[in-house]
Amino acid sequence: MVSWRTIVSMQRTPIVCDRSNDIYDWCFLNRPTILVPRRSTFFTMNMHIPTKMPPLTEKVRPYPRKWENIMTSIKEISLSTTPIHASCDVYHNSPALVFSTGGYTGNLFHDFNDGIIPLYVTISSLFHKDQDVVLVISDFKDWWYSKYETILPQFSKHPIVNLDNQTMTHCFPRASVGLFSHGPMTIDPSMLPTSKTFLDFRSLLGTAYDKCNAAPIPPLVTGKPRLVFVTRAGTVGRVIRNQDSVLRTAKEEGFDVVVFSPNKFTYLCDVFKLINTSHAVFGVHGAALTHSLFLRPGAVLMQVVPLGNEWLAEKYFHNMAINGMKLEYMEYMVRAEESSLAEKYGNDHVIVRRAREIASRNWTALDTVYLKGQDVRLNVERFRDFLRVGYVKAKRFMDDNG
């Protein structure tokens, strides 16, 4: 990953790019630049190019999933030293940072994994001294801005530039295109000049959401740790078919249970207030567990892991919970007899017996069979034992932290 120190040391190079990472491409135009929106291009301004040096042009799709076909839907941004005759309509004294809210945006996990967290990593890497940067967003979505406008001021004090609806030219002292990523739900302090951690990112979320107006939440029940039960419904897959029994069991074991059914337009200020004041979150593996980012460090995350979901559960939420958020993390590993796949295919079918192996090697099977084609029916007595351990952890956290 290119550091700011490296960029400064390359003053004679007008455009610096890093295409070595498996997750993202990134380029930096290291000169005063003019953005011509209709061409999605940053041109250098008043640039003297030696006659023997041909103009440079680099292209970037500023979304950190470069290995996926979804990248063809991401608008390509160009950086060029080609001379252009254009005047500035809007002047900015701060550099531009360009990224896309296209791709899988709309799925909460991807909103954070491919957007908000890489944005934090990039700013902490390149602009850590003053965070004085203008956010320029391509593939802009009004609902995305409405959903995340509460936290965007934590990244920049300047108004957002929506690249898609601009008709005027914008001038910047420099431009950075693309976002850095340390991997799934990861912030690696050893790769940052200020050694910031995931807990610093969690603190940023708290600073932002503590300020917003949220709806009242149900009052806490004295002496009972609050468990937020994240539900799934319909035909999305990984639904708990005996949810009523599971909820009743959680209450019998001493939890104050609040059922949470999120959707694309759930107001995150309300969610933060609910989960930040709770002591545990429980749910089946899926994007909605990204809301566990709002738990306080030391709280409990309980993840139900269906057949074939093991590596995803570990890669995305297990590592984030333990290494990043410092949560008390627990996994309920679904057995064959608790999966709807056993009902459909039988316990001895290869899809059931070798679920972990098949899902780890075949993305189509993972998506259609193990994610979207599987529900669960938890063994209530086995689940009760699991809950009792979670209750002890949650009660201890409540007693120590309120």
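Residues numbered from 1 in each chain as written. Predicted model: local features only at pLDDT ≥ 70, side-chain atom pairs only at ≥ 80, totals over all residues. Heavy atoms only, no water.

### Regarding the state of the cysteines
Quick note on the threshold: In this description, the term disulfide denotes a pair of cysteine sulfurs within 2.5 Å. Strands are runs of DSSP state E lasting at least 2 residues, helices are runs of H or I lasting at least 4, and numbering of each runs from the N terminus. We call a residue buried when its accessible area falls under 20% of the maximum for its residue type, exposed when it is over 50%, and partly exposed in between, using a 1.4 Å probe and counting protein chains only.
Using the criterion set out here, one finds three disulfides in the structure. The side chain of C17 participates in a disulfide bridge whose partner is C27; the two sulfur atoms lie 2.0 Å from each other. Taking the torsion about the S-S bond as the criterion, the C17 to C27 disulfide, at about 110 degrees, is right-handed. Here the residue C17 occupies a position in strand β1 (residues 15–18), and C27 occupies one in strand β2 (residues 26–29), the gap between them amounting to 10 residues. Classification of C27 as buried rests on a relative accessible area of 0%. Disulfide pairing is shown between C212 and C269; the S-S distance is 2.1 Å. One quick way to see it: the torsion about the S-S bond of C212 and C269 is about -130 degrees, and its sign makes the bridge left-handed. Here C212 is found in the loop between α4 (198–209) and β13 (226–230), whereas its partner C269 is found in helix α6 (residues 268–276), with 57 residues between them in sequence. With its bonded cysteines labelled in order along the sequence, the protein chain shows the pairing 1-2, 3-4, 5-6.

### Some details on the layout of surface pockets
Convention followed: In this analysis, the protein atoms alone were mapped onto a 1 Å grid. Cavities are point sets where a 1.4 Å probe fits without being able to get out; pockets are open sets with protein on both sides within 12 Å along at least five of seven lines; lining residues have an atom within 4 Å of a point. Grid points are joined across faces, edges and corners, and a volume is the space filled by probe spheres set on the points. Side-chain classes follow a simple rule in which Ala, Val, Leu, Ile, Met, Phe, Trp, Tyr, Cys and Pro form the nonpolar group, Asp, Glu, Lys and Arg form the charged group, and the remainder, Gly included, forms the polar group.
Empty space within the largest pocket amounts to approximately 1200 Å³. Forming the boundary of the largest pocket are 41 residues, of which N107, F109, H110, A287 and L371 lie nearest the centre. Taken together, the elements giving at least two residues each to the lining of the largest pocket come down to α2 (108–126), α7 (310–324) and α11 (363–371). Of the residues belonging to the lining of the largest pocket, the class tally is 18 nonpolar, 13 polar and 10 charged.

### So, the side chain of Q303
Test applied: Residue contacts are counted whenever heavy atoms from the two residues lie within 4.5 Å of one another.
In this structure, Q303 sits in strand β16 (residues 300–305). Those residues in contact with Q303 that sit more than four places away from it in its chain are G283, H285, L289, A313, F317, H318, Y329, M330, E331 and Y332.

### What to know about the sheet that holds strand β11 (residues 170–172)
Quick reminder of the rule: Whether two strands pair depends on DSSP finding at least two bridges between them.
On the basis of which strands lie adjacent, the open sheet formed by six strands has the order β5-β6-β4-β3-β11-β7 and mixed pairing. Where the open sheet ends on each side, the last strands, each with one partner, are β5 (57–60) and β7 (90–91). Here three bridges tie strand β3 (residues 33–36) to β11, and the two strands are oriented antiparallel to one another. Its bridge partner lying in β11, I34 is registered against C171.

### Overview of the sheet that holds strand β14 (residues 256–260)
How we decide: In this analysis, axes come from line fits to C-alpha atoms, helices being fitted only over the stretch in contact, and the angle between any two N-to-C directions falls in the range 0 to 180 degrees.
Spatially, β14-β13-β15-β16-β17 is the arrangement adopted by the five strands of the open sheet, whose pairing is parallel. Sheet topology places β14 and β17 (328–333) at the edges, where each strand pairs with a single neighbour. If you compare each strand with its neighbour and ignore which way they point, the axes differ by 20 degrees on average. Of the strand pairs in this sheet, β13 and strand β15 (residues 280–284) are connected by four bridges, and their pairing is parallel. Within the sheet, the bridge partner assigned to V230 lies in β15 and is G283. Sheet strands in contact with helix α12 (residues 380–401) are β15, β16 and β17, and its direction is about 180 degrees off that of β17.

### Digging into the side chain of H279
Basically, it comes down to this: Two N or O atoms form a polar contact when they lie within 3.5 Å of each other; inside protein one atom must be a possible hydrogen donor and the other a possible acceptor, and for residues adjacent in sequence the pair counts only when both atoms belong to side chains.
Inspection of the secondary structure assignment puts H279 in the loop between α6 and β15. At a separation of 2.8 Å, a polar atom in the side chain of H279 contacts the main-chain amide nitrogen of R226. Looking at H279, its side chain comes within polar contact range of the main-chain oxygen of G402, at 3.0 Å.

### Description of the pattern of salt bridges
Note the cut-off: By definition here, a salt bridge exists when the distance from a side-chain nitrogen of Lys or Arg to a carboxyl oxygen of Asp or Glu is within 4 Å.
All chains considered together, the criterion is met by 21 salt bridges. With a closest N to O distance of 2.7 Å, K66 and D25 form a salt bridge. Here D25 lies in the loop between β1 and β2 and K66 lies in the loop between β5 and β6 (77–80), a separation of 41 residues in the sequence. On the basis of relative accessibility, which here comes to 28%, the residue K66 falls in the partly exposed class. Judged by relative accessible area, which is 18%, D25 ranks as buried. In this structure, E381 and R384 form a salt bridge, with 3.4 Å as the shortest nitrogen-oxygen distance. One end of the pair, E381, and the other, R384, are both in helix α12, three residues apart, so they sit about a helical turn from each other. Residue classification places E381 among the partly exposed positions, given a relative accessible area of 48%.

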